[in-house]
Amino acid sequence: MTDLNIMATKIKDIIVTVEGIAAAYDHEPQSMTQLPAATLYFDGFSQSDSATRRKSVNWRWVIRLYIPLNSSDVTKPQMDIRYLLVNTIKQLRTDPSLGGSCLYHTVSDGDVFVNLDQPTAMMLAELSLLATTEEDF
């Protein structure tokens, strides 16, 4: 059976190597002391029967990239989020099996938005990652 905590650690280990990310977490922390930061959130799973007695399982993860939004220069955070988003995807592609914790993974989609509802305004990117395994049930 898949160990999701190991998978989370493997994803974080990849993300922490992305140039420009000051801190990476394998969870959503209550606060972050270093920015730009990346967090990981487990978002559920879906499964289907395969041709054998196994189940194909897609584990859903959300990777969030946080960049502080400086009111004096709104251009830089927008350029930084693009850079971090593309480089995070590139870095994830260097390890298709997430250290052997899945058969393969893909970043299926993403969003970018601004969060003004906190003490430090942030620009965020959310990447949806699907990690596929086959399980005996």
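Structural notes, computed from the coordinates. (Residues numbered from 1 in each chain as written. Predicted model: local features only at pLDDT ≥ 70, side-chain atom pairs only at ≥ 80, totals over all residues. Heavy atoms only, no water.)

## Regarding the sheet that holds strand β2 (residues 37-49)
Taken together, the five strands give an open sheet; going across it, the order is β1-β2-β3-β5-β4, and neighbouring strands pair in mixed fashion. The open sheet has two edge strands with one neighbour each: β1 (23-24) and β4 (104-115). The pairing of β2 with strand β3 (residues 54-68) spans twelve bridges and is antiparallel. When the bridges of β3 are listed, Ala 38 appears paired with Leu 65. Lying over the sheet, helix α1 (residues 4-15) contacts β1, β2, β3 and β5 (122-136), oriented at roughly 40 degrees with respect to β3. (Pairing = 2+ DSSP bridges. Helix = DSSP H or I, 4+ residues; strand = E, 2+ residues; numbered from the N terminus. Contact = heavy atoms within 4.5 Å. Axes fitted to C-alpha atoms, helices over the stretch in contact; angles between N-to-C directions.)

## Concerning the nonpolar core
Counting 28 residues, the largest nonpolar core has Ile 11, Trp 61, Ile 63 and Leu 65 as its most contacted members. Listed by contribution, the elements that provide at least two residues to this core are α1, β2, β3, α2 (75-93) and β5. In terms of residues, this core owes the most to one element, β3, which gives six residues. With residues near it in sequence (within four places) discarded, Leu 65 still touches Ile 21, Ala 37, Ala 38, Ile 81, Leu 84, Leu 85, Thr 88, Met 123, Leu 124 and Ala 125. (Core = buried A, V, L, I, M, F, W, Y, C linked by side-chain atoms within 4.5 Å. Buried < 20%, exposed > 50% of the residue type's maximum accessible area, 1.4 Å probe, protein only.)

## Structural notes on the pairing of β5
The pairing of β3 with β5 spans 15 bridges and is antiparallel. Each residue of the ladder has a partner; that of Ser 56, found in β5, is Glu 134. Where β4 lies against β5, eleven bridges are found, and the strand directions are antiparallel. Each residue of the ladder has a partner; that of Val 112, found in β5, is Ala 125. Here β4 folds back onto β5, and the loop between the two strands holds six residues.

## Remarks on the environment of Ala 24
When you line up the elements, Ala 24 lands in strand β1. Under the relative-accessibility criterion, Ala 24 is labelled buried at 17%. In sequence terms Ala 24 and Ile 63 are 39 residues apart; their C-alpha atoms lie 9.9 Å from each other. Ignoring any residue separated from it by four or fewer positions in sequence, one finds Ala 24 in contact with Lys 12, Ile 15, Val 16 and Ala 38.

## Points about α1
Under the 1.5 Å per step criterion, the end-to-end length of α1 is 16 Å for twelve residues, consistent within 8% with the ideal 16 Å. Within the span of α1, buried status applies to Met 7, Ala 8, Ile 11, Ile 14 and Ile 15. Buried residues of α1 fall within an arc of 125 degrees about the axis and therefore sit on the same side. In the core, the buried residues of α1 are packed alongside β1, β2, β3, α2 and β5. Its side-chain oxygen placed 2.9 Å from the backbone nitrogen of Asn 5, Asp 3 serves as the N-cap of α1. (Expected span 1.5 Å × (residues − 1). Arc of directions from axis to C-beta. Polar contact = N/O pair within 3.5 Å; in protein donor to acceptor, adjacent residues only side chain to side chain.)

## Focus on the packing of aromatic side chains
A full pass over the atoms with the stated rule returns three aromatic pairs. Between Phe 42 and Trp 59 the ring centres are 6.3 Å apart and the planes differ by 40 degrees, which places this aromatic pair in the tilted class. Taken as a pair, Phe 42 in strand β2 and Trp 59 in strand β3 lie far apart in primary sequence, 17 residues in all. Residue Phe 42 is classed as partly exposed on the basis of its relative accessible area of 31%. Ring pairing ties together the aromatic residues Phe 42, Phe 45, Trp 59 and Trp 61, which thus form one cluster. (Phe/Tyr/Trp six-rings, centres within 6.5 Å; stacked < 30°, edge-to-face > 60°.)

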